[in-house]
Amino acid sequence: MPELPEVEVTRRGVAPHIEGRVVEQVVLRREGLRWPFPPDLAQLLVGHRILATGRRGKYLLIEFEHGTLIVHLGMSGHLRVLPPGIEPRKHDHFDLVVIGTDAGPEGRQVLRLHDPRRFGAVLWHGKDEGELEQHLLLRGLGVEPLGEGFSGELLWRETRKRNAPIKQVLLAGDIVVGVGNIYACESLFRAGINPKTPAARISRARYERLAEAIKDILAAAIVQGGSTLKDFIAVNGQSGYFQQTYFVYDRAGVPCRNCGTPVRQIKQGQRSTFYCVQCQR
């Protein structure tokens, strides 16, 4: 599943092609994905200018004066920016056609969502519905890990009564958002924390190391185009290469890059966890 770095790579890829442009057409090729498409989406968007793009956790936000289009890539989705006239493939479910100030087809771009498993989403939140942060999908999200509000102190303070394993606490997303399975495994390894450790038992100093590890790893993954997951490619069709630097994720049985101990794989909450029993105590 695309995680925060992959969504941020997508946002940065689409932004130059759609920001400041006016929606000319909305194409829906089915009734919906994980949830139904808004029935009046074309009427809501056609003729309106895209002011900016943003991201909240794993949700891509396309901002208009009168509301925000919320896009989620689900388990298998990706967005591409294409010139007009390219025939849709199977599983190309949604097009946002935009046009710039220059006339003619050169000023037209197509933002196309491809989602084979249909776990993604395209939703609308109007300004008349209240603050965007109160949307049902966004209201319970924690702080952004690359924002100023995230720190080891925050992790320590919010986990004093949490006895769940730290890996599960990170994935829950209500303290810090967007730290998915891959980057939680890698961050815990860098911080030297066993993923099975109850969150309340981790010291403030170790949380400081964990917060710094999360920031560094997410930032590095974004620079490297994210991880090439089974179904993820960037907007330009290129693959990310952060997976080439994994220390533990998807390396079960392979010697640890630090100590040579075979990387171990366990299940936590139906997700695979990878860690080194020697380096993560």
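About the thresholds
Residues numbered from 1 in each chain as written. Predicted model: local features only at pLDDT ≥ 70, side-chain atom pairs only at ≥ 80, totals over all residues. Heavy atoms only, no water. Helix = DSSP H or I, 4+ residues; strand = E, 2+ residues; numbered from the N terminus. Expected span 1.5 Å × (residues − 1). Buried < 20%, exposed > 50% of the residue type's maximum accessible area, 1.4 Å probe, protein only. Pairing = 2+ DSSP bridges. Axes fitted to C-alpha atoms, helices over the stretch in contact; angles between N-to-C directions. Contact = heavy atoms within 4.5 Å. Core = buried A, V, L, I, M, F, W, Y, C linked by side-chain atoms within 4.5 Å. Parallel < 35°, antiparallel > 145°, perpendicular 65-115°, else oblique. Left-handed = near helix turned anticlockwise from the far one by under 90°. Nonpolar A, V, L, I, M, F, W, Y, C, P; charged D, E, K, R; others polar. Salt bridge = Lys/Arg side-chain N within 4 Å of Asp/Glu carboxyl O.

What follows covers helix H1 (residues 4–18). Along its 15 residues, H1 runs 21 Å from first to last C-alpha, staying within 8% of the 21 Å computed at 1.5 Å per residue. Of all 15 residues that make up H1, 11 are buried, and the element is covered over most of its length. Taken together, the buried positions of H1 are Leu4, Pro5, Glu6, Val7, Glu8, Val9, Thr10, Arg11, Val14, Ala15 and Ile18. Gly20 occupies a position one or two residues after H1 and carries a positive phi of about 85 degrees.

The subject of this paragraph is the sheet that holds strand S3 (residues 59–64). The antiparallel open sheet is built from 4 strands, whose spatial order is S2-S3-S4-S8. What marks the edges here is a single partner per strand, and that holds for strand S2 (50–56) and strand S8 (121–126). The sheet shows a mean angle of 20 degrees between the axes of neighbouring strands, direction not considered. Inspection of the sheet shows S3 paired to strand S4 (residues 67–72) by 6 bridges, in the antiparallel sense. By the bridge assignment for S4, Ile62 is matched with Leu69. Where H1 meets the sheet, its contacts fall on S2 and S3, and the angle it forms with S2 comes to roughly 175 degrees.

The next point concerns the nonpolar core. Counting 33 residues, the largest nonpolar core has Leu155, Ile166, Leu170 and Leu210 as its most contacted members. Elements supplying a minimum of two residues to this core: helix H3 (152–158), helix H4 (166–172), helix H5 (181–191) and helix H6 (204–223). Apart from residues lying up to four places away in sequence, Leu210 is in contact with Leu155, Ile166, Leu170, Ser187, Leu188, Ala191 and Ile193. If you look at the next biggest cluster of nonpolar residues, it comprises 26 residues, including Leu33, Ile50, Leu113 and Trp124.

Turning our attention to the packing of H1 against H6. At a minimum axis separation of 9 Å, H1 and H6 run at an interaxial angle of 40 degrees. On the basis of their axis angle, the class for H1 and H6 is oblique. Note on packing geometry: the crossing formed by H1 with H6 is right-handed. Two secondary-structure elements touch here, H1 through Leu4, Pro5, Glu8, Val9 and Arg12 and H6 through Leu218, Ala221 and Ile222. Class assignment for the residues of the contact of H1 with H6 results in 6 nonpolar, no polar and 2 charged.

For the rest of this paragraph, the subject is the pattern of salt bridges. Applying the stated rule across the entire model yields 14 salt bridges. With a shortest N-O distance of 2.6 Å, Asp95 and Arg29 are connected by a salt bridge. Of the two residues, Asp95 sits in strand S6 (residues 92–99) while Arg29 sits in the loop between strand S1 (22–28) and helix H2 (41–45), which places them 66 residues apart along the sequence. A relative accessible area of 3% means that Asp95 is categorised as buried. Between Arg204 and Glu153 there is a salt bridge whose closest N-O contact spans 2.9 Å. Separated by 51 residues along the polypeptide, Arg204 in helix H6 and Glu153 in helix H3 bring together distant segments of the chain. For Glu153, a relative accessible area of 29% translates into the label partly exposed. One continuous salt-bridge network, built from bridges that share partners, spans Glu8, Arg11, Arg12, Arg55, Arg56, Glu133 and Glu144.

Taken by themselves, the reported measurements are silent on function.
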